[in-house]
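Take a look at the letters that make up each chain.
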Amino acid sequence: MNRNWLLFFLSIALITGYFLLPHNLSWFRERPIAYTNDFFRERQKMGIEERLTGRFGGRYTLSKYLAAELRKRAGNGGRVLLVPSTSYFKNYGIDYHVPEPVVFYYYTKEHIVWPDSPNAIRANWYAHVRNGQVVIDSVTDKQTLADTLAFFNKFEIAL
Amino acid sequence: MISALLFLLLTLLQLSAGFGMLSLLRINLKRGLFFPVCLLLGIAVFSLIPFILQLLHIPIAPYTLNAAIILVCIFLNARFFSAIQQVRSAWGKFRFQVRLYEIPSLLVIVFLLSLSAWRCYYHPPTPRDLLAGAEAIAEFTIREGSMINSVFSVDVSNNVFKPPFIASLQIIYKSAGFPFGQVWLSTIVVSFVVFLYHALSERTHKVLVGLLLIFMLTVPELYAYTFMVLFDFPNAVFFCCSLYFLFHFFENRQRNFFWLAALLMGIATYVRSETFVLSFLLLPALFLSQLKNKKTFYRALLACVLFVVPALLLYFVSVPLYINYYLPLSYPVSEQVNTNLADLGPLFKRFADINTELIFSETGIVYYGYFIFIFLLVLITDLVFIRRFDRNALNWLYAVLVIYLGFPLLGYLLPLLDLHHSTKRGLLKIFPLMVMYMANSGVFRWFSEKMQRPYHF
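Description of the structure in this document.

1. Points about the overall build of chain B
- Helix and strand counts for chain B come out as 23 helices and zero strands.
- Its C-alpha atoms give chain B a radius of gyration of 22 Å, near enough to 23 Å, the size a compact globule of 457 residues would have.
- Referenced to the eigenvectors of the C-alpha coordinate spread, the extents of chain B come out at roughly 70 × 60 × 50 Å.
- Looking at chain B as a whole, 61% of its 457 residues are labelled buried.
- Accessible area for chain B stands at about 18600 Å²; split by element, carbon and sulfur atoms hold 68% of it.
- If the 33 positive side-chain charges of chain B are averaged to one point and the 20 negative ones to another, these points end up 16 Å apart.

2. Observations regarding the interface of chain B and chain A
- Listed by partner, the interface residues are 57 residues for chain B and 49 residues for chain A.
- For the pair chain B and chain A, the two sides together bury roughly 4900 Å², of which 70% comes from carbon and sulfur.
- The largest contributions to the chain B side of the interface with chain A come from B:Y122, B:D155 and B:Y370, which together make up 14% of the buried area.
- For the pair chain B and chain A, the number of links is two salt bridges.
- Here B:R119 and A:D38 are joined by a salt bridge, their closest N and O atoms 3.4 Å apart.
- Inspection of the chain B/chain A interface yields 17 residue pairs in polar contact (both at pLDDT 80 or more).
- Looking at the side of chain B that touches chain A, the elements that each hand over two or more residues are α5 (103-122), α6 (128-131), α7 (134-144), α10 (206-217), α11 (220-224), α18 (362-368) and α23 (442-452) of chain B.
- Its residues placed into classes, the side of chain B that touches chain A shows 37 nonpolar, eleven polar and nine charged.

3. Some words on the pattern of salt bridges
- Inspection of the entire model under this criterion finds 22 salt bridges over all chains.
- Between A:R79 and A:E110 there is a salt bridge, with its nearest N and O atoms 2.8 Å apart. You can see A:R79 sitting in the loop between α4 (58-74) and β1 (80-82) and its partner A:E110 sitting in the loop between α6 (101-108) and β2 (111-113), a full 31 residues away along the chain.
- Owing to a relative accessible area of 19%, A:R79 belongs among the buried residues under this scheme.
- One salt bridge connects B:K162 with B:D129, and the closest N-O pair in it is separated by 3.6 Å. Taken together, the residues span a long stretch of sequence, with B:K162 in the loop between α7 and α8 (165-175) and B:D129 in helix α6 at a distance of 33 residues.

4. Side note on helix α19 (residues 371-386) of chain B
- In a regular helix each residue adds 1.5 Å, so 16 residues correspond to 22 Å; α19(B) covers 21 Å between its end C-alpha atoms and thus fits that length.
- Directly beyond the C-terminal end of α19(B), a positive phi value near 55 degrees is found at B:R387.

5. A word on the packing of helix α12 (residues 232-252) of chain B against helix α13 (residues 255-271) of chain B
All names here are of chain B.
- Where α12 meets α13, the axes come as close as 8 Å, and the angle between the chain directions of the two elements is 160 degrees. What the angle tells us is that α12 and α13 run roughly antiparallel. At the point where α12 passes α13, the crossing takes the left-handed sense. Along its contact with α12, which presents P234, N235, F238, F239, C241, S242, F245, L246, H248, F249 and N252, the element α13 presents R255, F257, F258, L260, A261, L264, M265, I267, A268 and V271.
- Looking at the contact of α12 with α13, its residues break down into 16 nonpolar, four polar and one charged.

6. Re the side chain of B:T187
- If you trace the backbone, B:T187 turns up in helix α9 (residues 184-201).
- Apart from the residues lying within four places of it in its own chain, the contact partners of B:T187 are B:F7, B:Q14, B:L39 and B:I43.

Definitions and limits used
- Residues numbered from 1 in each chain as written.
- Chains lettered and ligands numbered in written order.
- Predicted model: local features only at pLDDT ≥ 70, side-chain atom pairs only at ≥ 80, totals over all residues.
- Heavy atoms only, no water.
- Helix = DSSP H or I, 4+ residues; strand = E, 2+ residues; numbered from the N terminus.
- Rg over C-alpha atoms; globule rule 2.2 N^0.38 Å.
- Buried < 20%, exposed > 50% of the residue type's maximum accessible area, 1.4 Å probe, protein only.
- Areas by Shrake-Rupley, 256 points an atom, 1.4 Å probe, with all protein chains shown as cover.
- Lys, Arg positive; Asp, Glu negative; His and termini not counted.
- Charge placed at Lys NZ, Arg CZ, Asp CG, Glu CD.
- Contact = heavy atoms within 4.5 Å.
- Buried area = accessible area lost by both parts, 1.4 Å probe.
- Salt bridge = Lys/Arg side-chain N within 4 Å of Asp/Glu carboxyl O.
- Polar contact = N/O pair within 3.5 Å; in protein donor to acceptor, adjacent residues only side chain to side chain.
- Nonpolar A, V, L, I, M, F, W, Y, C, P; charged D, E, K, R; others polar.
- Expected span 1.5 Å × (residues − 1).
- Axes fitted to C-alpha atoms, helices over the stretch in contact; angles between N-to-C directions.
- Parallel < 35°, antiparallel > 145°, perpendicular 65-115°, else oblique.
- Left-handed = near helix turned anticlockwise from the far one by under 90°.

Spatial relationships are all this shows, so hold off on functional conclusions.
As structure tokens, this is what we get:
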């Protein structure tokens, strides 16, 4: 056996030994092997919306739903949607990780504000939970908006 | 099929832009380094194009982008014919050769990079910093023709104020028809791995080179950022490449290597602006190298000043100028800087936290695997048994120290750089430097020499 073959087997031994180390083995299973399995599934789902939904899940689909509702209800007028925090929705049993306004805009091209924003007073629509469903309603007057903001701000607001 | 052709076209244009840069700098590299460096330089050039169009108030549309790209490629290739002649005579006949013992590690590397490239292509941009910043800006630039667009009318975070390296590349690739952009990251990753493979092979046997690259690619955080676009991996790539050429300048004293190193450091700063602080920490090595080569004190100082000029220029244009004179929102950069520098407590605390929470901890193994421990094993073996450090090894060890000590300093100067996000990712810069040290270490050189010897059974 000459040098090249010896080094060939040495290389295999070293690489195998490296991947048999505990953390490396679990990483290899959780990442490269899992990614390989994902590949066979993903190549059957090449649509853009499929990929966006697959990656972002509920935060994307619920955001798109809210944006669609807003367009349907508000028409072409200037529209700013007040969206309460993730913890608000969790309190009502809705699993919705509320994206920050710029990310919501990226997903949907609609403007939202969070309750703790100085721009929250610009909101003319607000999202909330009624009978276990996420709905949107228009802001009828400044007092309603102020009361709504006060209520929403009781819930923790975080990224 | 069309995507593949468009990707190939963009890659060829980047190759031509990078070739132009190298020809203008009159740098000849061996084949294995030439192509990856051309691609990396080409991507760097492309990342400036939409930004420059914006600075000149030229609408960003497919026709202006394409025209700008073609004009830049033509302009950079002013020395094309003479450069081609030089390259041909330097390379001679092309012989692609892979030795038997390279195959196992190459197969693993190709497997890891293929998965990375697929995920980079398939999945939309994911990191929050990207969605809330560069990706949103790029998406609406395509729709509205300007990087100063309706994104700034929404409640934004500081992510929209980051330098436009990623936004610019996303604009080009989205414009070319890639809905998620991003695939340029795979070009950077593959180019860098090829670059490292050949750079490491200058000092170390290829069996060990393959192993080192596998060690590096299997650092969990690093591998994740080979397919999740964010600033840190490209920043690490350009930072390492800059140091490679700087250390070659220390050896060969060719000024064009110095300028290439300075330019690459400038690009690294354009990717992540606080890199210019790290570039200052490299100056003592440059200064000493100049003095050792019998330059006067003032010439040594001049070299140091010239080295940081590209980094400072790109920092100045992409941060204070762009934010204060172009963007519709204000972002006082000076308010991000620690004003109580007399209190060194946070500096020592950050240094301690990096060691106890990020590196030498269970969390550290989750983030970085065993890589740092392998590096320390090699370093200790060199210190205790080999007890010889050649100049290259010392240079790379110095570079490792710059990052290891530089990041606590950065966290102290800029408290916004938190530990478990910005610092955790920023430390990715240290891994290619550790790989370069290990390849130049006494223990690896000893093993390489043993492997070169013929064995027969």
